[in-house]
Amino acid sequence: MRITTYGFVALGLMMSTSWVHAYSYRTCGGSAQKFSRNTVTIAPSQASFGSDDRLMAALRYTINIFFNRNASNFDYRIGSIDRSRRIRHGDGKNQIYFARRGDICGPACAYVQKDCYWFFGWERGVKEIDVGFSSDTRWDFGNRFRRTNVSAWGGRFRPFYSAALHELAHSGYLGHEDRFYNVMGEDFTHLHATVNGEYIPYVGEDTGRGLVYLYGRDNGQTDLAASPFVRVGSNGGYSDHSWGQIRDAANGRVVRWRNTADGRRFEVARGQRVNATFTYENVGGTNHRNVRVGFYISNDMNISTQDRRIGGRRMNMNLDTPWSTGTSLTIPNNLQVGRTYYLGVLVNDNYRVSESWLHNNQAYHPIRIVR
Ligand SMILES: [Zn+2]
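All residue numbers refer to positions counted from 1 along the written sequence of the respective chain. Local features in this predicted model are restricted to residues of pLDDT 70 or higher, and side-chain atom pairs are both shown and tallied only at a pLDDT of 80 or more, whereas totals for entire chains, interfaces and linings draw on every residue.

A.B. asks: Any chance you could explain the overall build of the chain here in plain terms?
C.D. replies: Counting from the N terminus, the helices are the DSSP runs of H or I reaching at least four residues and the strands are the DSSP runs of E reaching at least two. Along its length, the chain carries four helices and 24 strands. Put simply, the radius of gyration uses C-alpha atoms, and a globule should come to 2.2 Å times the residue count raised to 0.38. A globule of 371 residues ought to have a C-alpha radius of gyration of about 21 Å, and the chain, at 21 Å, matches this closely. If you line up the chain on its principal axes, its C-alpha atoms span 75 × 40 × 35 Å. Two residues form a contact once the distance between their C-beta atoms, set from the backbone, is within 7 Å. Nonlocal contacts in the chain, meaning residues at least 24 apart in sequence, comprise 74% of its contacts between residues at least 6 apart.

This is how it looks when you write it as structure tokens:
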């Protein structure tokens, strides 16, 4: 009477789920399918991780830092190295591994095994996950988080970290989502940019909220964030992301731009009234009202309260969905023509909210002063 179903949750396959909430999940007998416990141990395979310290470090970053920072009580734990010769789906072991492209259902894939049957009561829940990566994909797992390596900034590699977050959230057991800027859409453009030219992957508000729905809230996480990326469309069940724009406030048109190693650089004039779009997220487990958000002109990518403040607004930041919105600002008159500056945003710039992480509070668009 035991019927075990198999879910192949691939990059490229959509789940046949009812889309009730912002995030998507699957149900069985009217209840959400999920793990019965809040901490799941996953073992790195010897063949893939055992001989590569950088890859092992990348996995530690992904799980211990990036994934487990999510807003929910759901966490992964890295188990001891798994020495199985072959990865078998359905052997009761949670494994993470690399294999040739033909053996993985996409660049990366979550194989989820779950029960859903009725025998004088529902037997349900996720029983096992295996997360596979194609060794034929050009992954960036170098532990340096160099933006110039990855496609969002014109590089040739795909971040292992954001793909892993996507697959681990599948395993938790969420589906794809195309209505919001989120990691269950296009993961390799769901990133923060740091002050030193690095990128930072993260779970994000929408997916974090999905995990909160399934596993409960982590009240200890307080974290607000901003990103230069926004959702621009939907593609096969995935949200498509690109740079937030700077528009001329007078006519609403996007100003001229070109892509650079620091992101999309917009051409503006001194005294010009512009509208600059960023995405704002509450990636912690607590709601915050009336958060102060400041806008700055900076000489470098480090946006701080030491920079020149050119505007501000207040936002209610509840844990719901990411909010991409434009803000009208005036480019100062005394900037130097021909120079590049950074038009930045700093969320919680009076530090009134005590946050677990502050590195993700800033985002910026490079601007060049053309007249
Ligand atoms: Zn997926």
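Okay, back to it.
A.B. asks: Would you mind going over the domain arrangement of the chain with me for this structure?
C.D. replies: Interfaces are often sized by the accessible area lost when the parts come together. Splitting the chain by domain gives domain 1 (4-218) and domain 2 (240-369). Placing a centre on the C-alpha atoms of domain 1 and another on those of domain 2 gives a separation of 30 Å. Looking at the side of domain 1 that touches domain 2, the elements with two or more residues in it are β11 (191-193) and α4 (205-215). Of the residues forming the side of domain 1 that touches domain 2, the biggest block, five residues, is contributed by α4. Charged means Asp, Glu, Lys or Arg here, nonpolar means Ala, Val, Leu, Ile, Met, Phe, Trp, Tyr, Cys or Pro, and polar covers whatever is left, Gly included. Taken together, the residues of the side of domain 1 that touches domain 2 break down into eleven nonpolar, eleven polar and seven charged. Where each domain starts and ends comes from a domain assignment, either automatic or drawn from a database.

A.B. asks: Which parts of the structure should I look at to understand the nonpolar core?
C.D. replies: Side chains of a nonpolar character, in soluble globular proteins, are inclined to be buried together. In this structure, Leu 165, Val 345 and Val 347 are the most contacted members of the largest nonpolar core, which totals 88 residues. Residue contributions to this core peak at seven residues, all from helix α3 (residues 160-172). Viewed by domain, this core spans two of them, domain 1 (4-218) and domain 2 (240-369), each represented by three or more residues. Note on terminology: a nonpolar core is any set of buried Ala, Val, Leu, Ile, Met, Phe, Trp, Tyr and Cys residues joined through C-beta atoms within 7 Å. Exposure classes come from backbone-placed C-beta atoms, where a residue is buried if 20 or more other C-beta atoms lie within 10 Å of its own, exposed if 12 or fewer do, and partly exposed in between.

A.B. asks: When you look at the sheet that holds strand β23 (residues 340-347) in this model, what are you seeing that I'm missing?
C.D. replies: Strand pairing within a sheet occurs via backbone hydrogen bonds; the two strands may be parallel or antiparallel. Pairing between strands is defined by DSSP: at least two bridges between the two strands are required. One open sheet accounts for six strands, arranged β17-β18-β24-β23-β20-β21; its pairing is mixed. Looking along the sheet, the strands with just one partner apiece sit at the ends: β17 (257-260) and β21 (308-317). Mean inter-strand twist for the sheet, computed between neighbouring axes without regard to direction, equals 25°. Direction of pairing for β23 relative to strand β24 (residues 362-369): antiparallel, over a ladder of seven bridges. Directly across from Leu 346, in β24, lies its bridge partner Gln 362. As a rule, the C-alpha atoms of each element are fitted with a line to give its axis, helices using only the stretch in contact, and angles between N-to-C directions run from 0 to 180 degrees.

A.B. asks: How should the environment of Arg 85 be read in this particular structure?
C.D. replies: Residue placement: Arg 85 occurs in the loop between β5 (75-78) and β6 (95-99). Taking C-alpha positions, Arg 85 is 43 Å from Pro 322, a pair spaced 237 residues apart along the chain.

A.B. asks: What exactly am I supposed to notice about α3 here?
C.D. replies: In an α-helix, one full turn covers 3.6 residues, which means residues spaced three or four apart are oriented alike. By this rule the span expected of a helix is its residue count minus one, scaled by 1.5 Å. Its 13 residues give α3 an end-to-end C-alpha distance of 18 Å, which sits within 8% of 18 Å, the value for a rise of 1.5 Å per residue. Most of α3 is tucked away: 13 of the 13 residues are buried.

A.B. asks: Any chance you could explain the pairing of strand β8 (residues 122-134) here in plain terms?
C.D. replies: For a regular strand, the rule is simple: side chains alternate between the two faces of the sheet. Here β6 pairs with β8 via five bridges, running parallel. Within β8, the position partnered with Tyr 97 by the bridge is Gly 132. Looking at chain direction, strand β7 (residues 108-118) and β8 are connected through eleven bridges and run antiparallel. The residue of β8 that forms the bridge with Lys 114 is Val 126. In this structure, the hairpin formed by β7 and β8 is closed by a connection of three residues, where Phe 120 is found at a positive phi of approximately 50°.

A.B. asks: Even after reading the chapter, I still don't get α4, so can you show me in this structure?
C.D. replies: When you tally the buried positions in α4, you get ten out of eleven residues, the bulk of the element. Looking at the buried side of α4, the elements it contacts are β3 (31-32), α3 and β19 (273-282). A positive backbone phi angle near 95° is found at Gly 216, which sits one or two residues after α4.

A.B. asks: What is the right way to read unusual backbone geometry from this model?
C.D. replies: Located in the positive-phi region is Asn 290, a residue other than glycine, with phi close to 60°. With respect to the helices and strands, the residue Asn 290 is situated in strand β20 (residues 288-298). Notably, Tyr 351 is not glycine yet its phi reads approximately 55°, a positive angle. Along the chain, Tyr 351 turns up in the loop between β23 and β24.

A.B. asks: Before we go on, may I ask you to explain the environment of Met 56 in this structure?
C.D. replies: Along the chain, Met 56 turns up in helix α2 (residues 53-67). The partly exposed category is assigned to Met 56, around which 18 C-beta atoms lie within 10 Å. For Met 56 and Tyr 181, which are 125 residues apart along the polypeptide, the C-alpha to C-alpha distance reads 29 Å. Here Met 56 is in contact with Pro 44 and Phe 49, once residues within four sequence places are set aside.

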